[in-house]
Amino acid sequence: MKNILININDFKKLIDRNGYYIDKTLLINDVLDKKITFYIRPNGFGKTINMSMLYYFFSLNEKENAYLFHDLKIAQDKNAMLHQNKYPVIFISLKQMKGNSFEKQLIHFQTIIKQWLHENIKEPNQNEPLYNLYHGQADYNLLSNAFFYIMNYLKNLYHQNVIVLIDDYDSPLYHGFINHFNSDANQFIIDLVHSIVDNPVLFRAVFTGQTSLKKEHKLINTEWFNTVFSNTAYQTFGFSKSEIQNLLVSTHQINNLDLITKYFGGYIFNDELIYHPQWLMQYLSSQSDNENFEIDINNDDQIFIDLLTKQSFLIETELNKLLSNQTITKKVNKDFCYSDLSIYNNYFSYLINCGLLTNDNSANHYLPIQHLKLPNLTVKKLYLNTLYSWYENYILKQRNKFVDALFNHQTKNAQQIISDIINAPITPMQYNNKYYQNLLKLLLGPLMQSIVNETTYIIYYRLNKYESKLASINLNICSKRESFFKTIKERQPKLPNDQLNFELLVYQNNCFISER
């Protein structure tokens, strides 16, 4: 039986360790059909392992690893096999090309190129263009043409045209966008791309990422881009239903197909149901009894986080529909790039590219207007967790102001703080007893001394080194609007005493605080 292995992006390691591999080698034919291809897919859909597979197939330095393909589909294609291990290949990832400034990005890129050169070629002569790249002393012009010089070097060395594989090519574009130097990052990647595609020694160039390049640029050909809406290679990223069925039979999980579809399926690529490969393999590898379908996932995409929190007012109506398992109807930009985020509606196209939305397959995928939905329960959990995390942090930031207002008898200020919390743009909870109780527990935090029957909260407050105070907050949750306003009207004025006692009266998103 094959092993379920995760977090392995090296094709050779996966095969040699007897890992379960869903055969995607027919992607090789798609690569051979076009000189230049950008595969635009969400993270976790096998882009890196596919690029690694292409490297081991085409690279003339990997002839001893030809056995990796003996039992795979591509071995049956005689024309494709003529290209096995015949080309010098440059395989580089730009994932680590990060940085909060363009200058730092260039430093990261220089490090990436320097490392590749040290691992793959001997030290160039001092008068060769590669010398400064080899020693990490390149300027912008040399860096933006790095692939051009490397390709020419390999052509002269092996007398064979070159294949270039660039994984996560748009990582610098993402970091450029969130750090406000998108124009510089975009221009550098365009220069980089054309130093590759315009070179006559190029045999094939393959790029992977989540977004397209700025299509208004006169040198960019939109036909290069293969997206989730394309009618080719749509099964080579992600798992199809038939592939999932075979996998689940071999892992004795076929009885869970419906639940696995709800948690990890639901994506529509070119009208076909596709499953999230990374999440599914994580589930299969981590569950001993396979009864819990929830997996631990993190999403540190700052654009997604900001959209759900700081910019939630832009999508509040749509988000509430999506979280209620409804569809929304939007115009989809199928050649989306980061510069398109200046237009509000393009955020939904971005979420499709990230695997956080999908079309519901009710409209022809060639049409610009699509009906969109959350693909599965794991994505829904990701949305909710992002909202919960932001909401909790928002409440925590109000703690000191709220307690100060109470102990300084500023009930109106305290009331406004509670009101702002429960009327936040998107409150990811229902207004029930548990919600209000948890809100107070979170808001009072370590100041809370005890809770009496989930209605009375005793809090301790140190004014200074020598003086401290105790106060109580009585939580009164009204089930009807009428009783909320009647209680406010009939409240008794506070009698003069030294004790601090407050009543928090709530009804859904209404609140009233008074001293008792």
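Rules used throughout
- Residues numbered from 1 in each chain as written.
- Predicted model: local features only at pLDDT ≥ 70, side-chain atom pairs only at ≥ 80, totals over all residues.
- Heavy atoms only, no water.
- Helix = DSSP H or I, 4+ residues; strand = E, 2+ residues; numbered from the N terminus.
- Contact = heavy atoms within 4.5 Å.
- 1 Å grid on protein atoms, 1.4 Å probe; cavity = no way out; pocket = protein on both sides within 12 Å on 5 of 7 lines; lining within 4 Å.
- Points joined across faces, edges and corners; volume = space filled by probe spheres on them.
- Nonpolar A, V, L, I, M, F, W, Y, C, P; charged D, E, K, R; others polar.
- Polar contact = N/O pair within 3.5 Å; in protein donor to acceptor, adjacent residues only side chain to side chain.
- Pairing = 2+ DSSP bridges.
- Core = buried A, V, L, I, M, F, W, Y, C linked by side-chain atoms within 4.5 Å.
- Buried < 20%, exposed > 50% of the residue type's maximum accessible area, 1.4 Å probe, protein only.
- Lys, Arg positive; Asp, Glu negative; His and termini not counted.
- Salt bridge = Lys/Arg side-chain N within 4 Å of Asp/Glu carboxyl O.
- Axes fitted to C-alpha atoms, helices over the stretch in contact; angles between N-to-C directions.

Novice: What is the right way to read the environment of Trp-390 from this model?
Specialist: Tracing the sequence through the fold places Trp-390 in helix 17 (residues 377–397). It is 21 Å that separates the C-alpha atoms of Trp-390 and Asn-433, two residues lying 43 residues apart in sequence. In contact with Trp-390, not counting residues within four places along its chain, are Thr-309, Ala-424, Pro-425 and Ile-426.

Novice: Quick question: what am I supposed to make of empty space enclosed by the protein here?
Specialist: Where empty space is left can be seen by rolling a probe of water-molecule size over the atoms. Enumeration over the complete set of coordinates arrives at six cavities of 30 Å³ or more. One number sums up the size of the largest cavity: a volume of about 60 Å³. In this structure, the largest cavity is lined by Ile-40, Arg-41, Pro-42, Gln-210, Thr-227, Val-228, Phe-229, Asn-333, Lys-334 and Asn-353. In terms of residue class, the lining of the largest cavity is built from four nonpolar, four polar and two charged.

Novice: Would you mind going over the side chain of Asn-226 with me for this structure?
Specialist: As for its placement among the helices and strands, Asn-226 is situated in strand 5 (residues 225–226). Of the polar contacts made by the side chain of Asn-226, one reaches the side chain of Arg-41; its length is 2.7 Å. A distance of 2.9 Å separates polar atoms of two side chains, one belonging to Asn-226 and the other to Thr-232. Those residues in contact with Asn-226 that sit more than four places away from it in its chain are Thr-37, Phe-38, Tyr-39, Ile-40, Arg-41, Thr-232 and Ala-233.

Novice: I would appreciate a short explanation of the pairing of strand 14 (residues 468–477) in the present structure.
Specialist: Each regular strand shows side chains that alternate between the opposite faces of the sheet. Bridge count between strand 13 (residues 456–462) and strand 14: seven bridges; the pairing is antiparallel. In the sheet register, Tyr-461 faces strand 14, and the bridge partner there is Lys-469. When strand 14 meets strand 15 (residues 500–507), the two strands line up parallel, connected through seven bridges. Among the inter-strand pairings, Ile-477 is bridged to a residue of strand 15, identified as Val-506.

Novice: Before we go on, may I ask you to explain the nonpolar core in this structure?
Specialist: Soluble globular proteins: nonpolar side chains tend toward being buried together. Ranked by size, the top nonpolar core spans 104 residues in total, and within it Phe-38, Ile-90, Phe-109, Phe-147, Tyr-169, Leu-213 and Tyr-383 carry the most contacts. Examining the composition of this core, we find that eight residues originate from one element, helix 10 (residues 182–197), more than from any other. Phe-147 has contacts with Ile-90, Ile-92, Phe-109, Ile-113, Val-164, Ile-166, Leu-192, Ser-195 and Ile-196, leaving out every residue within four places of it along the chain. Counting residues in each nonpolar core, the second largest holds 31 residues, with Phe-407, Ile-421, Leu-440 and Leu-444 among its members.

Novice: I would appreciate a short explanation of the side chain of Asp-306 in the present structure.
Specialist: Along the chain, Asp-306 turns up in helix 14 (residues 302–308). The buried charged residue Asp-306 lacks any salt bridge, with Lys-310 as its nearest oppositely charged partner at 4.1 Å. When residues no more than four places from it in sequence are discounted, the contact partners of Asp-306 are Gln-311 and Ser-312.

Novice: I keep staring at the pattern of salt bridges and nothing clicks. Help me out?
Specialist: Between side chains of opposite charge, a pair can form as their charged atoms come close. Tallying each qualifying case throughout the model produces five salt bridges. In this structure, the salt-bridge partner of Glu-318 is Lys-330, at a minimum N-O distance of 2.8 Å. Highlighted residues: Glu-318 in helix 15 (residues 316–323) and Lys-330 in strand 9 (residues 328–331), separated in sequence by 12 residues. With respect to class, Glu-318 is no different from Lys-330; both count as buried.

Novice: Just checking my understanding: could you explain the sheet that holds strand 10 (residues 358–359) for this structure?
Specialist: Sheet strands pair via backbone hydrogen bonds, and the direction of the pair is either parallel or antiparallel. Spatial strand order, 9-11-10: three strands in an open sheet with antiparallel pairing. Two strands bound the open sheet, and with one partner strand each, they are strand 9 and strand 10. One ladder, built from four bridges, connects strand 9 with strand 11 (residues 369–373); its direction is antiparallel. Within the sheet, the bridge partner assigned to Lys-331 lies in strand 11 and is Ile-369. Where helix 15 meets the sheet, its contacts fall on strand 9 and strand 11, and the angle it forms with strand 9 comes to roughly 130 degrees.

Novice: Any chance you could explain the sheet that holds strand 12 (residues 448–452) here in plain terms?
Specialist: With respect to topology, five strands assemble into an open sheet ordered 12-13-14-15-16, the strand pairing being mixed. The open sheet is flanked by strand 12 and strand 16 (510–515), the only strands paired with a single partner. Neighbouring strand axes in the sheet, compared pairwise and without regard to direction, differ in orientation by 20 degrees on average. Relative to strand 13, strand 12 is paired through four bridges, and the arrangement is antiparallel. Paired with Val-452 across the bridge in strand 13 is Thr-456. Its contacts with the sheet put helix 20 (residues 433–444) on strand 12, strand 13, strand 14 and strand 15, and the angle it makes with strand 14 is roughly 165 degrees.

Function cannot be inferred from these measures alone, as they are strictly geometric.
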